[in-house]
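The chain contents come next:
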Amino acid sequence: MSITIRDGIPRHFVVESFPSLLDADIHYMYTEESVPVDVIPKFVEKISNVKLLKLSDYVFEKLEMAGVRSTSFPTFNNLNTLEVSFIKTQLVKPLFTFLQFSPNLESLVFRGVYRDKVNEDAFTLDVVPHCLLMNLKSIKFQYFKGQLKELDLVQLFLQNARVLQMVIIEISSDHFLNSNKKKHTAEDVEDFNKKIMEQLLKYKWASTDCVVKLCSF
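Not measured: the values here are computed from a predicted model. (Residues numbered from 1 in each chain as written. Predicted model: local features only at pLDDT ≥ 70, side-chain atom pairs only at ≥ 80, totals over all residues. Heavy atoms only, no water.)

> Can you explain the overall build of the protein? Please cite residues and give values.
The number of helices and strands found in the protein is seven helices and 10 strands. Taking all 217 residues of the protein together, the buried fraction comes to 45%. Taking contacts inside the protein between residues at least 6 apart in sequence as the whole, the part at least 24 apart equals 79%. Accessible area for the protein stands at about 11,700 Å²; split by element, carbon and sulfur atoms hold 49% of it. (Helix = DSSP H or I, 4+ residues; strand = E, 2+ residues; numbered from the N terminus. Buried < 20%, exposed > 50% of the residue type's maximum accessible area, 1.4 Å probe, protein only. Contact = heavy atoms within 4.5 Å. Areas by Shrake-Rupley, 256 points an atom, 1.4 Å probe, with all protein chains shown as cover.)

> Describe helix α7 (residues 186–200), naming the residues involved and giving the relevant values.
Between its first and last C-alpha atoms α7 spans 21 Å; for 15 residues at 1.5 Å apiece the expected length is 21 Å, and the two agree. The complete set of buried residues in α7 reads D188, V189, F192, N193, I196 and L200. Projected onto a plane normal to the axis of α7, the buried residues spread over an arc of 130 degrees and lie on a single side. Exposed side of α7, more than 90 degrees from the buried face: E187, E190, K194 and K195 are the residues found there. (Expected span 1.5 Å × (residues − 1). Arc of directions from axis to C-beta.)

> Kindly report on the packing of aromatic side chains, identifying the contributing residues and their values.
By the definition in use, this model includes 10 aromatic pairs. Judged by centre distance (5.2 Å) and plane angle (10 degrees), the ring pair of F110 and F141 falls under stacked. Placement of the pair is F110 in strand β6 (residues 107–110) and F141 in strand β8 (residues 138–144), with a sequence separation of 31 residues. In this structure, F110 and F141 share a single accessibility class: buried. (Phe/Tyr/Trp six-rings, centres within 6.5 Å; stacked < 30°, edge-to-face > 60°.)

> Outline helix α3 (residues 92–99), listing residues and values.
α3 sits mainly inside the fold: six of its eight residues count as buried. Residues of α3 that are buried include every one of V92, P94, L95, F96, F98 and L99, and no others.

As C-alpha cells, then:
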C-alpha cells in the first residue's frame, strides 16, 4: 500500500491507521490558518508503520510547532529509508527529533539543504538518535553546493553515526555556474572536491569504516 499527498491535510480522517503501508510521499502540505497546528502531527502518527517515507521540511516545521517530543510520538519501527526534500538549516533540530522515532533507519537522503539564518546550537545534539548509533548505514546529499551549513550537516552525521558505511555527496553544477568562470574544467571539480574533503577531515568520524564519495552532475 502506498500514499501520496501533495495538497492540504484535512482536519479529520476516516481511517485511523495504515498497518500495511509500504511507502508514503508527503510533500507540499499546507493547512488553513484556522486548522489546529496538530493536524499534520496527528496524520504522521497514522503512518508510523511505513517502510519508505518521503517528507518535505514543512512537516518538521509543524512537528516543532506542535511541540512533539519523543515521549509523546509513536515509534516508526519499520522505517528503513527516509528521503527529505530541501530542508532549511533551522529545521535540523526537529529533523533529529524525528530521527529519535526511527530506531531502525538504515538509509537517509537529502534532496538539498537550504542555508538560512540559524543559531549555532542547531548543529549540536542533546541526544544522539538510536539509528545513528546502531543502524544508519548510508546517507546521500543531493544538489550539494559546498556551503558552510551544508558541510556542518554532513559533519554532524559523520561525528555521530557510528555504523555509517557510505556518504554520497552529489555536487550541483549550480556551484560552478555561479562562479566567475563561464565553463568549469575537470581541475576545477577536483579542486572543489579536495576542499570539501579537507573540511570534513578536520573532525573525528564516529565510524572508522565510512567512505565519502563525491560526484558531480
